[in-house]
Amino acid sequence: MKSPTKPSNQNITVQSDKYQHQLLASDTYKDTLGEQTLKKFFHKPINYTYLYVDAWLNFAFGTKNNPLYHLGSLAFFLLWIVLISGLYVFVLFDTSITGAYQSVESMTEQWYLAGVMRSLHRYASDAVILVILLHIIREFSLDRYRGFRWFSWFTGVPSLWMMILLGITGYWLVWDQLAQYVAIGSSQLLDALPIFSSSMTRNFLVGNLSDRFFTLMALIHLLGLPVMLVFGLWIHVKRLTKVEIVVPRGLAIGTFLALVVLSLLKPAVSHEQANLAIVPYELNLDWFYLNVYPLLDYWTAGETWIVTIGITLLLMLMPWIPIKRTPPAAKVNLDHCNGCAQCFDDCPFDAISMQARTDGARWKREAVVNPDLCASCGICVGSCPYSNPFRHADKKLTTGIDMPEFPVAEIRSATHTALATLKGPVKILVFGCNHSADVTDADASEIATIKLACTGMIPPSFIDYVMKKGADGVFVSGCRCGDCYYRFGNRWMEKRVRAERVPHLHKKVDRQRVYLGGAAETDKAKLLREIAAFRNMLLADKQPAEKTKKEANDE
Ligand code: HEM
Ligand code: SF4
Ligand code: SF4
């Protein structure tokens, strides 16, 4: 078997033009030619566009309510609106083929309530598809769909299809001329499948659509597909922990109000009533849901199926084009595991379980890593109480859970090397991560940098440690707030420093001398500005103290 290439920048000290910085703990293997092409021509251009738009949205709504950071939960919120408005509409809806159209028309006439509910149902459904498309493109451009993330991507595609089928069956139920177009197009498509014996299209064309069939369609729309969608979404997020399905309040209120205003300004309306004796000549197609039907004007139903299935399969197989390699999974060292479950609680990818002790130690449980689920983010290393660098000062640091290719002992020795290179009136150690702005650009005589897989990998005791070893300040620069590549890295780090989540940063550490920043690849200038401002603040703080000390000595 061919062994994978070693990570490109793992555990090496690089001599840059002027300064020495540490490139530690890479979580990425050297890109193959295929990956370089994918990233250069596809991921980067889209990602940079997102990052610029993100920055504007952060400015306008704050990181907390930035819709692009909550596309998954926003889709869930819109589905709630679809469900509630759908239930209201269903109560007034006549499920017979003769009464359906008139019942929908009566709702539309009551513009202030039933009409608004109908419009909300339609516009929220459209918004779901728009949000899912943005969600897909975003995960793609951030490369959050390959490797260990294949499962969420792969299982997302059937959910998208179920959503589209929900929309199609919904349009069918109005039984206007658009519904007629959809019904005939769908029948042509179904006829092309070898599973249906009699020709459905012929039944439509001779006006044989029975009440029973129409009621069946209503049942599929109201019960069958929603149940399947809920099941599909449950599978979709199964490999993630603490899934955000509740959208922040500000974003929820804003989205809801926008939909209500749209519903009042431009109420959803029907076409003329369906009439199988005529061919509708002017239709307002909903391109979010009905985009497949116009293809039937150019291709046969069989060809349309081939294209649709081809696109679906391509989408499902994308996580393996090309394959992304993940470094070895986290490893538990039972000699230093007391079963506290903090790593289990912090792991973003459900890769750790707590199981009955197997080594006869006095603790009840032990942490067990499932290598198939592990993202090698290292966040669990930052959680473990044994990752404390003050331990075993004269020996190799060993902890309860560690990364085989970038162990915590090496982070500690990297901090020693980094601190030894610092010269000048203030000494700053910068910790950065592999998925945000490159902190090594900040290297200077007073500033040493260490890059890790994720800033969530840094045990807070390291901040205390490097300050005790001579650093005046510690600057941590991860992904932008709310947008961690590993979901929770920067969030856990912030909570640990604020002493809101264990392991806490020791209460005696001066928080003024710790800076938690977040900078994407496009925020390099901002990062350098923030580091410079932090340095100046530390210098200003230090000088009066040194002056007083000198004056006291002189006296
Ligand atoms: C109704 C449709 C969908 C909903 C409601 C939905 C919702 C979500 C939610 C809530 C998350 C977790 C976000 C978090 O807490 O970090 C998620 C993750 C994800 N979704 Fe979807 N999703 C949908 C469809 C899709 C589709 C169609 C795809 C791609 C084909 C997709 C790809 C992904 C991926 C790759 C992740 C993993 C992100 C990560 O690991 O950080 N989703 N989705
Ligand atoms: S955090 Fe460390 S001590 Fe606690 S369960 Fe995990 S490995 Fe064991
Ligand atoms: S490295 Fe990351 S994904 Fe793997 S067990 Fe630790 S926290 Fe979970």
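Fair warning: this is a prediction, and the values are worked out from it, not measured in the lab.

Draft legend 1. The arrangement of the overall build of the protein in detail. Scanning the protein from N- to C-terminus turns up 16 helices and 10 strands. Taking the principal axes of the C-alpha coordinates as reference, the protein spans close to 105 × 55 × 50 Å. Of the contacts formed within the protein by residues at least 6 apart in sequence, a portion of 73% connects residues at least 24 apart.

Draft legend 2. Examining unusual backbone geometry more closely. Cis geometry marks the peptide bond from I321 to P322; its omega dihedral reads -15°. Relative to the helices and strands, P322 resides in the loop between α10 (301–317) and β3 (331–332). Geometrically, the link from V502 to P503 is a cis peptide bond, its omega value of -5° lying close to zero. With respect to the helices, strands and loops of the structure, P503 is situated in the loop between α15 (489–497) and β10 (514–518). At W175, a position not held by glycine, the phi torsion is positive, near 50°. In this fold, W175 is placed in the loop between α5 (150–173) and α6 (177–191). Residue class for W175 comes out buried when judged on the 26 C-beta atoms lying within 10 Å of it. You will see that A341, though not glycine, has its phi angle at about 75°, which is positive. Among the secondary structure elements, A341 is positioned in the loop between β3 and α11 (342–346).

Draft legend 3. Representation of the site of ligand 2. Inspection of the region around ligand 2 gives 15 residues, with C337, C340, C343, C384 and G400 positioned closest. Among the residues making up the shell around ligand 2, the classes are represented as 10 nonpolar, five polar and no charged.

Draft legend 4. Quick look at helix α4 (residues 114–141). Helix length check: α4 (28 residues) gives 40 Å between terminal C-alpha atoms against 40 Å at 1.5 Å per residue, within 8%. A positive phi of about 55° marks D143, the residue just after α4.

Draft legend 5. Fine view of the domain arrangement of the protein. Along its sequence, the protein is carved into domain 1 (12–28 + 378–554) and domain 2 (70–320). Placing the centre of domain 1 and that of domain 2 at their C-alpha centroids yields a distance of 49 Å.

Draft legend 6. How the structure looks around the packing of helix α2 (residues 71–92) against α4. Between α2 and α4, the least distance of the axes is 8 Å, while the angle of their chain directions is 155°. Here α4 runs roughly antiparallel to α2, going by the angle between their axes. Along this stretch, α2 crosses α4, giving a crossing that reads as left-handed. Along the lines of polarity and charge, the residues of the contact of α2 with α4 split into 19 nonpolar, six polar and two charged.

Draft legend 7. Representation of the site of ligand 3 in the model. Neighbouring ligand 3 are 14 residues; A330, C347, C374, C377 and C380 lie closest to it. In terms of residue class, the shell around ligand 3 is built from 12 nonpolar, two polar and no charged.

Draft legend 8. Representation of the nonpolar core in the model. C380, L429, V430 and C454 are the most contacted members of the largest nonpolar core, which has 68 residues in total. The biggest single contributor to this core is strand β7 (residues 428–433), with five residues. L71, V174, W175 and L178 belong to the second largest nonpolar core, which has 50 residues in total.

Draft legend 9. Highlighting the environment of R487. Structurally, R487 is set in the loop between β9 (473–478) and α15. You can call R487 buried: it has 24 C-beta atoms within 10 Å. Sequence separation of R487 and G456 is 31 residues, and the distance between their C-alpha atoms is 9.9 Å.

Rules and cut-offs
- Residues numbered from 1 in each chain as written.
- Chains lettered and ligands numbered in written order.
- Predicted model: local features only at pLDDT ≥ 70, side-chain atom pairs only at ≥ 80, totals over all residues.
- Helix = DSSP H or I, 4+ residues; strand = E, 2+ residues; numbered from the N terminus.
- Contact = placed C-beta atoms within 7 Å.
- Buried ≥ 20, exposed ≤ 12 C-beta atoms within 10 Å, placed from the backbone.
- Near = placed C-beta within 6 Å.
- Nonpolar A, V, L, I, M, F, W, Y, C, P; charged D, E, K, R; others polar.
- Expected span 1.5 Å × (residues − 1).
- Domains from an automatic or database assignment.
- Axes fitted to C-alpha atoms, helices over the stretch in contact; angles between N-to-C directions.
- Parallel < 35°, antiparallel > 145°, perpendicular 65-115°, else oblique.
- Left-handed = near helix turned anticlockwise from the far one by under 90°.
- Core = buried A, V, L, I, M, F, W, Y, C linked by C-beta atoms within 7 Å.

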